[in-house]
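Listed below, chain by chain, are the residues.
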Amino acid sequence: GESVGLHLPTLSVQEGDNSIINCAYSNSASDYFIWYKQESGKGPQFIIDIRSNMDKRQGQRVTVLLNKTVKHLSLQIAATQPGDSAVYFCAVRTGSSNTGKLIFGQGTTLQVKP
Amino acid sequence: DAGITQSPRHKVTETGTPVTLRCHQTENHRYMYWYRQDPGHGLRLIHYSYGVKDTDKGEVSDGYSVSRSKTEDFLLTLESATSSQTSVYFCAISETGDPSSGNTIYFGEGSWLTVV
């Protein structure tokens, strides 16, 4: 089966610095990856996704990097702001491509210091 | 925000009682999912539906049943609640079963269930 893990349960950064949140997965057949942000008391919010045929994808202030060789992906947040404080999850698509089932990592809590 | 409404948002119930959580969507999406979120486990899939009356099990389906009689509603039932089912439950929706096609998976705001 698939397992998904994050390297650090908590990451503390200074406001304005860049943040990097990491995620590792186990199944080399995984083909789609999503990053979610979850604020306290709310549901996960989609941030950015990437398919396995890509190495990098950029959004607004966020970049996702995928290294299939070592089965690792990362979320980079540029110029981190207090509003970025939340728990960040990576999710990996496993199994059949037509079910949408995801395996989630346990989350990294990002703390932004003013 | 995706049009997903979960009810109730908070519930306390006693062990052994039945509980039903409702997920309502206004997006007419075909796929709907129920996840639970627990400390140390992240989000885990309970059941999902790929159409009206079409459902399948996820990785933690024991003790749960689901029903989908209409496109917009997906019900999660705990037939006899246990303390181990104390958790936060999230409903999610997807237009297709292939989120990589540009139709990703969106989550509701969660239902906090406490079984005492």
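Residues numbered from 1 in each chain as written. Chains lettered and ligands numbered in written order. Predicted model: local features only at pLDDT ≥ 70, side-chain atom pairs only at ≥ 80, totals over all residues. Heavy atoms only, no water.

1. Observations concerning the overall build of chain B
In step 1: Looking only at helices and strands, chain B features 0 helices and 11 strands.
In step 2: Taken from the N to the C terminus, the helices and strands of chain B come in the order β-β-β-β-β-β-β-β-β-β-β.
In step 3: The C-alpha atoms of chain B give a radius of gyration of 13 Å, which matches the 13 Å a tight globule of 116 residues would have.
In step 4: Within chain B, the proportion of its 116 residues that are buried is 49%.
In step 5: Contacts spanning at least 24 positions in sequence make up 56% of the contacts within chain B whose residues lie at least 6 apart.
In step 6: Carbon and sulfur atoms make up 46% of the accessible area of chain B, which amounts to about 5,200 Å² in all.
In step 7: One finds the centroid of the 10 positive side-chain charges in chain B at a distance of 4 Å from the centroid of its 14 negative side-chain charges. (Helix = DSSP H or I, 4+ residues; strand = E, 2+ residues; numbered from the N terminus. Rg over C-alpha atoms; globule rule 2.2 N^0.38 Å. Buried < 20%, exposed > 50% of the residue type's maximum accessible area, 1.4 Å probe, protein only. Contact = heavy atoms within 4.5 Å. Areas by Shrake-Rupley, 256 points an atom, 1.4 Å probe, with all protein chains shown as cover. Lys, Arg positive; Asp, Glu negative; His and termini not counted. Charge placed at Lys NZ, Arg CZ, Asp CG, Glu CD.)

2. A closer look at the side chain of His-47 of chain B
All names here are of chain B.
In step 1: For His-47, the location among the structural elements is in strand 5 (residues 42-51).
In step 2: With a relative accessible area of 6%, His-47 lands in the buried category.
In step 3: At 3.2 Å, the side chain of His-47 forms a polar contact with the backbone oxygen of Tyr-64.
In step 4: In this view, His-47 contacts Tyr-33, Trp-34, Asp-56, Lys-57, Gly-58, Ser-61, Tyr-64, Ser-65, Val-66 and Phe-74; residues no more than four positions away in its chain are not counted. (Polar contact = N/O pair within 3.5 Å; in protein donor to acceptor, adjacent residues only side chain to side chain.)

3. Details of the environment of Lys-101 of chain A
In step 1: Along the chain, Lys-101 of chain A falls in the loop between strand 9 (86-93) and strand 10 (102-104).
In step 2: For Lys-101 of chain A, a relative accessible area of 23% translates into the label partly exposed.
In step 3: Taking the C-alpha atoms as reference points, Lys-101 of chain A and Ala-91 of chain A, 10 residues apart in sequence, are found 9.5 Å from one another.
In step 4: Aside from chain neighbours lying at most four places away, what touches Lys-101 of chain A is Val-92, Arg-93 and Thr-94 of chain A together with Tyr-33, Tyr-35, Leu-45, Tyr-48 and Lys-57 of chain B.

4. Notes on the interface of chain A and chain B
Where interface size is quoted, it is often the accessible area lost as the parts come together.
In step 1: Listed by partner, the interface residues are 23 residues for chain A and 27 residues for chain B.
In step 2: Approximately 1,900 Å² of surface area, both sides summed, lies buried where chain A meets chain B, with 54% of it carried by carbon and sulfur atoms.
In step 3: Joining chain A to chain B, the criterion identifies 0 salt bridges.
In step 4: Linking chain A with chain B are 3 residue pairs in polar contact (both at pLDDT 80 or more).
In step 5: Within the residue set of the side of chain A that touches chain B, elements represented by two or more residues are strand 4 (32-38), strand 5 (45-51), strand 9 and strand 10 of chain A.
In step 6: A total of 4 residues in the side of chain A that touches chain B trace back to one element, the largest contributor, which is strand 4 of chain A.
In step 7: Residue composition of the side of chain A that touches chain B, grouped by class: 9 nonpolar, 9 polar and 5 charged. (Buried area = accessible area lost by both parts, 1.4 Å probe. Salt bridge = Lys/Arg side-chain N within 4 Å of Asp/Glu carboxyl O. Nonpolar A, V, L, I, M, F, W, Y, C, P; charged D, E, K, R; others polar.)

5. Re the pairing of strand 8 (residues 73-78) of chain B
All names here are of chain B.
In step 1: Of all 6 residues in strand 8, 5 are buried; the element is thus mostly enclosed.
In step 2: Of the pairings in the sheet, the one linking strand 3 (residues 19-25) to strand 8 comprises 6 bridges and is antiparallel in character. What sits directly across from Arg-22, in strand 8, is Leu-75.
In step 3: Relative to strand 8, strand 7 (residues 64-70) runs antiparallel, the two sharing 5 bridges. Each residue of the ladder has a partner; that of Ser-67, found in strand 8, is Leu-75.
In step 4: Taking the residues between adjacent antiparallel strands as the criterion, strand 7 and strand 8 are bridged by 2 residues. (Pairing = 2+ DSSP bridges.)

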